[in-house]
Amino acid sequence: TELAVLPQIPLTLTNAVVATAAVTRQLMPRRAGRVTERNLAITTGLGNLIAAPFGGYPMCHGAGGIAGHYRFGARTGAAPVLIGIAFLAMGILLGDSAFGLLALVPAAVLGSLLFFSGVELAVSSAPQRFSGQDLFPLLVVAALSATANPAIGFVAGMLWATALRRGWLRFD
């Protein structure tokens, strides 16, 4: 199971941190001031550290959740708070029978929610054009991620970006 952690690191960092911050800035620019990559990483880490001793599953914010909430009308932090309160109340008041209640939701409804969240993510991602010094690293990282391992692609991309930012590599 330790080897399963390595590919999860870049997936979590991109979905829970980088993509979530980008989607929030794009969908809700006036309210996205505090939604930074740093704050998302800190709150995800703290949430998991607090939940772990209680048997909680690893969790993150996630770009899909932001897009889904936005798609269905939630434009403030009240929606996740209300959902959390509802789940806490179900767990406290109904115990294990809360699972039975949640199982009454048809799979087609959950699939529809997932589909429309995906559509919202696709629509919100502005097409980007890469050229010059950006195109080659993009292709290398994509190839490494697809053929070797997403963790290897992630590490290669981070090293490449760091080298470019610090001036160790230059493309003129």
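Use the structure listed above.
Numbers given to residues run from 1 along each chain, matching the order in which its sequence is written. Where local features are concerned, this predicted model is filtered to residues with pLDDT of at least 70; where side-chain atom pairs are given and counted, the filter is 80 or more; whole-chain, interface and lining totals use all residues. Here the side-chain values reflect all heavy atoms present in the structure, with hydrogen atoms and water set aside.

**Here we look at the overall build of the protein**
The secondary structure content of the protein amounts to eight helices and zero strands. Runs of H or I in DSSP of at least four residues are treated as helices and runs of E of at least two as strands, each being numbered from the N terminus. Reading the helices (α) and strands (β) of the protein from amino to carboxyl end gives α-α-α-α-α-α-α-α. A principal-axis box enclosing the C-alpha atoms of the protein has dimensions of 65 × 35 × 30 Å. Of the contacts formed within the protein by residues at least 6 apart in sequence, a portion of 52% connects residues at least 24 apart. Within the structure as shown, the protein displays about 12,400 Å² of accessible surface, and the carbon and sulfur contribution to it stands at 70%. Two residues form a contact once any of their heavy atoms are found within 4.5 Å. Note on areas: Shrake-Rupley, 1.4 Å probe, and residue coverage restricted to the protein chains presented here.

**Considerations on the nonpolar core**
When a protein is soluble and globular, its nonpolar side chains tend to lie buried together. The term nonpolar core refers to a set of buried residues drawn from Ala, Val, Leu, Ile, Met, Phe, Trp, Tyr and Cys, joined through side-chain atoms within 4.5 Å. With a 1.4 Å probe rolled over the protein chains alone, any residue whose accessible area is under 20% of its type maximum counts as buried; one over 50% counts as exposed, and the rest are partly exposed. Grouped together as the largest cluster of nonpolar side chains are five residues: V23, L27, M28, A63 and Y70. Broken down by secondary-structure element, the contributors of at least two residues to this core are helix 1 (2–27) and helix 3 (63–71). Once residues lying within four places of it in the same chain are set aside, the contact partners of A63 are N15, A19, T20, V23 and L121.

**A few points about the environment of V140**
Summarising the element assignment, V140 is placed in helix 7 (residues 135–147). Separated by 67 residues in the primary sequence, V140 and G73 place their C-alpha atoms 39 Å from one another.

**As for the packing of aromatic side chains**
Working definition: a ring pair exists when centres of Phe, Tyr or Trp rings (six-membered ring for Trp) sit within 6.5 Å. Plane angles under 30 degrees give stacked, over 60 give edge-to-face, the rest tilted. With the rule as written, the count across this model stands at two aromatic pairs. Both rings, one in F115 and one in F116, keep their centres 5.3 Å apart while their planes meet at 75°; by these two values the pair is edge-to-face. A network of ring pairs unites the aromatic residues F72, F115 and F116 as a single cluster. Think of it as a cone above the ring: NZ of Lys or CZ of Arg counts as a charge over the ring if it is within 6 Å of the ring centre and within 35 degrees of the ring normal. When the ring centre of Y70 is taken as reference, the NZ or CZ atom of R75 above it lies at 3.7 Å.

**Some details on the pattern of salt bridges**
Salt bridge, as used here, is a side-chain nitrogen of Lys or Arg placed within 4 Å of a carboxyl oxygen of Asp or Glu. For the structure shown, the criterion picks out one salt bridge. In this structure, E37 and R25 form a salt bridge, with 3.1 Å as the shortest nitrogen-oxygen distance. Within this pair, whereas E37 is found in helix 2 (residues 37–51), its partner R25 is found in helix 1, the two being separated by 12 residues in sequence.

**Section: the packing of helix 7 against helix 8 (residues 150–165)**
At a closest axis distance of 7 Å, the pairing of helix 7 and helix 8 adopts a crossing angle of 160°. Taken together, the axes of helix 7 and helix 8 lie roughly antiparallel to each other. Here helix 7 runs over helix 8; the crossing is right-handed. Two secondary-structure elements touch here, helix 7 through F136, P137, V140, V141, L144 and S145 and helix 8 through P150, I152, G153, F154, A156, G157 and W160. An axis is simply a line fitted to the C-alpha atoms; with a helix, the fit covers only the stretch in contact. Between two such axes, the angle follows the N-to-C directions and lies from 0 to 180 degrees. Relative orientations are named as follows: roughly parallel for angles under 35 degrees, roughly antiparallel for angles over 145 degrees, roughly perpendicular for angles from 65 to 115 degrees, and oblique for any other angle. Crossing handedness follows the turn of the near helix against the far one: under a right angle anticlockwise gives a left-handed crossing, and clockwise gives a right-handed one.

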